[in-house]
Every structure is written in structure tokens, then in C-alpha cells.
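Remarks on the overall topology
This is what each chain is made of:
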Amino acid sequence: GAVVSQHPSWVICKSGTSVKIECRSLDFQATTMFWYRQFPKQSLMLMATSNEGSKATYEQGVEKDKFLINHASLTLSTLTVTSAHPEDSSFYICSARPGAGSGELFFGEGSRLTVL
Amino acid sequence: ILNVEQSPQSLHVQEGDSTNFTCSFPSSNFYALHWYRWETAKSPEALFVMTLNGDEKKKGRISATLNTKEGYSYLYIKGSQPEDSATYLCALRDSGNTPLVFGKGTRLSVIA
């Protein structure tokens, strides 16, 4: 099946710093990628839909200025957590769909962010 | 907001036992239901995409059924093995243009 790679798999940073997470589709082109966040014992919650060459679409309650998404190519989307704070500590995971319709999503491995 | 419920939250079974768990969702505006298996430290892996009421899909010892009229899907594992230990996620899409909405998952532990 299709492969999505996410990096880094874990990161620890100081409060106030920015952290960038990369999501790459390795063997297909993805015009759309999705960023999810998961807090402990909660479901994966969609943060934003990343569209190649255009602005991301953010879900209600997700601050676009805090979670910067860039989808500059058909195989790469990045999520930057700006001025991270301890409450941003979470598990972030990206996904992409090779085609439209009801097709399955392929996920990256996820990134565990800990903000001290 | 779509609400996708999965039960039980977790379960432990002995190797060789068969088991099943449930995904419940609003029966209106159904488009597709997805099942994923998520092993620790790995990417969620797609198991099934189900779109039609009455669908039944099978992959090895794992099968799933779908009832869109009453809003539920069952995932069955026959003869559980330790390698089946994972979190099983179900996710719903209510149209072709909307993202998946996930349940919290069922965490399965198979004890050898």
C-alpha cells in the first residue's frame, strides 16, 4: 500500500520555541493531507486539511496562527507549532489519500511532542 | 458534530478466543465507514472501507459487517493471536468531501 512518512517521531522542546513536523507521501502524490491530534484516551481529532498550493482549512477551535501548515509540494506537508506551550504537548499524526472518494487514508507514524 | 462511539474501550482475550467489538454512528448522512488497526509505535493500517448497508468484508481472520440503517458496524476476530494486539479504530465519513471522524478505539490485548 501507499507509504506516508512523518518526522520527527518524537520531540522535546522548551516552552516558547517552535517545532516543525514533516509529512511526506513517499510513493504517491497527495493534493490533500490531513493533520490530526490525539490527547491521552481521546480520539484522533482533525486539526486541519492541508491543500497543495493553497491555504489550509482549519477546524473550529484550532488556531491557524499557532499551527502553521505549509503544503508546498504534492508530496510534502509541514505543521509548525509556533511558540509551543505545555498544553500543546500531544500526539500529532498526518494522513493522506491517494485518490478522491471513499478511499482509505494512509497515515504517518505520528509525532509525540512534549513541551517543557 | 458527528459522534462515533466504539465499545468496549479495551478488552483482554486469551489466544485462540474469538472476539468482536462495535462501532456506532448516526445512521443519517452515511457515506463510508473505515476500520483501522493501530499497533503501538506504528502507523494506523487500513483494514476495511465499507460503504453499503449489509456489507460484509473479510481479511484473513478478521471480518466486519455494516448496518447503516441502525448505525453500527461490528469487527470480528476469529482465533485471536498475540499479533492481533492493537487498537482498532473506526472512522466515519458523512459525505465524499468531508474528512474522517474517528472513534476513540478499542484496545485489544491477546494473552498467549
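These lines cover the structure that appears in this document, whether it is placed above or below. Model, not experiment: these values are computed from the prediction. (Residues numbered from 1 in each chain as written. Chains lettered and ligands numbered in written order. Predicted model: local features only at pLDDT ≥ 70, side-chain atom pairs only at ≥ 80, totals over all residues. Heavy atoms only, no water.)

1. Some remarks on the packing of aromatic side chains
A complete count under the given rule lists 13 aromatic pairs over all chains for this structure. With 6.3 Å between their ring centres and 40° between their planes, Phe67 of chain A and Tyr92 of chain A make a pair best called tilted. Taken together, the residues span a long stretch of sequence, with Phe67 of chain A in strand 7 (residues 67–73) and Tyr92 of chain A in strand 9 (residues 90–96) at a distance of 25 residues. Grouping aromatic residues by their ring pairs yields a cluster made of Tyr36 and Phe107 of chain A together with Tyr36 and Phe102 of chain B. (Phe/Tyr/Trp six-rings, centres within 6.5 Å; stacked < 30°, edge-to-face > 60°. Helix = DSSP H or I, 4+ residues; strand = E, 2+ residues; numbered from the N terminus.)

2. Focus: the sheet that holds strand 7 of chain A
Sheet strands pair by backbone hydrogen bonding; their relative direction is either parallel or antiparallel. Residue and element names in this part refer to chain A. Pairing in this open sheet of four strands is antiparallel, and the strands run 1-3-8-7 from one edge to the other. Taken across any chain shown, the strands that pair with only one partner, and hence form the sheet edges, are strand 1 (4–7) and strand 7. Neighbouring strand axes in the sheet, compared pairwise and without regard to direction, differ in orientation by 15° on average. Where strand 3 (residues 19–25) meets strand 8 (residues 76–81), six bridges bridge the pair, whose relative direction is antiparallel. Bridge pairing links Val19 to Val81 in strand 8. (Pairing = 2+ DSSP bridges. Axes fitted to C-alpha atoms, helices over the stretch in contact; angles between N-to-C directions.)

3. Brief notes about the state of the cysteines
Throughout the structure, instances matching the rule amount to two disulfides over all chains. With a sulfur-sulfur separation of 2.0 Å, Cys23 of chain A is cross-linked through a disulfide to Cys94 of chain A. Its torsion about the S-S bond being 80°, the disulfide of Cys23 of chain A and Cys94 of chain A is classed as right-handed. Taken as a pair, Cys23 of chain A in strand 3 and Cys94 of chain A in strand 9 lie far apart in primary sequence, 71 residues in all. Covalent S-S linkage joins Cys23 of chain B and Cys90 of chain B, the inter-sulfur distance amounting to 1.8 Å. With the S-S dihedral at roughly 50°, the linkage between Cys23 of chain B and Cys90 of chain B falls on the right-handed side. One end of the pair, Cys23 of chain B, is in strand 3 (residues 19–24); the other, Cys90 of chain B, is in strand 9 (residues 86–93), and 67 residues separate them in sequence. You can call Cys23 of chain B buried: its relative accessible area is 0%. The thiol sulfur of Cys13 of chain A is not disulfide-bonded, and the nearest other cysteine sulfur, from Cys94 of chain A, lies at 18 Å. Overall, Cys13 of chain A belongs to the buried group, its relative accessible area being 10%. (Disulfide = S-S within 2.5 Å. Buried < 20%, exposed > 50% of the residue type's maximum accessible area, 1.4 Å probe, protein only.)

4. Some thoughts on the pattern of salt bridges
Residue and element names in this part refer to chain B. Throughout the structure, instances matching the rule amount to five salt bridges over all chains. A salt bridge links Asp84 to Arg61; the nearest nitrogen and oxygen atoms lie 2.8 Å apart. You can see Asp84 sitting in the loop between strand 8 (72–77) and strand 9 and its partner Arg61 sitting in the loop between strand 6 (56–59) and strand 7 (62–67), a full 23 residues away along the chain. By relative accessible area, Asp84 is classed as buried at 2%. When its relative accessible area of 32% is taken as the criterion, Arg61 is described as partly exposed. (Salt bridge = Lys/Arg side-chain N within 4 Å of Asp/Glu carboxyl O.)

5. Observations concerning the pairing of strand 8 of chain B
Residues and elements named next belong to chain B. Here strand 8 shows a clear split, with Ser73, Leu75 and Ile77 buried on one side and none of Tyr72, Tyr74 and Tyr76 buried on the other. Relative to strand 8, strand 3 runs antiparallel, the two sharing six bridges. The partner of Asn20 across the bridge, within strand 8, is Tyr76. Judged from the six bridges that link them, strand 7 and strand 8 form a sheet pairing that is antiparallel. Looking across to strand 8, one finds that Leu66 is bridged to Ser73.

6. Some points on the sheet that holds strand 3 of chain B
All names here are of chain B. The five strands lie next to each other as 1-3-8-7-6, forming an open sheet whose pairing is antiparallel. Only two strands of the sheet have a single neighbouring strand rather than two, namely strand 1 (5–7) and strand 6. Sheet twist, expressed as the mean angle between neighbouring strand axes with direction ignored, is 15°.

7. Brief notes about the layout of surface pockets
Empty space among the atoms becomes visible once a probe the size of a water molecule is rolled across them. Considering only enclosed or pocket space, the largest pocket measures out at about 720 Å³ in volume. Taken together, 29 residues make up the lining of the largest pocket; nearest its centre are Met45 and Leu46 of chain A together with Ile1, Leu2 and Val101 of chain B. At the level of elements, strand 4 (32–38) and strand 5 (45–51) of chain A together with strand 1 and strand 10 (101–102) of chain B are the ones that each hand at least two residues to the lining of the largest pocket. Per-element accounting of the lining of the largest pocket gives the leading share, three residues, to strand 5 of chain A. Residue classes in the lining of the largest pocket are distributed as 14 nonpolar, 10 polar and five charged. Space inside the second largest pocket adds up to approximately 620 Å³. Lining the second largest pocket are 21 residues, and of these Gln38 and Arg112 of chain A together with Trp38, Thr87 and Arg107 of chain B sit closest to its centre. Elements with a minimum of two residues in the lining of the second largest pocket: strand 9 and strand 11 (106–111) of chain B. Of the residues that constitute the lining of the second largest pocket, the class distribution is six nonpolar, eight polar and seven charged. (1 Å grid on protein atoms, 1.4 Å probe; cavity = no way out; pocket = protein on both sides within 12 Å on 5 of 7 lines; lining within 4 Å. Points joined across faces, edges and corners; volume = space filled by probe spheres on them. Nonpolar A, V, L, I, M, F, W, Y, C, P; charged D, E, K, R; others polar.)

In short, the description is geometric, and any link to function would need to be established separately.
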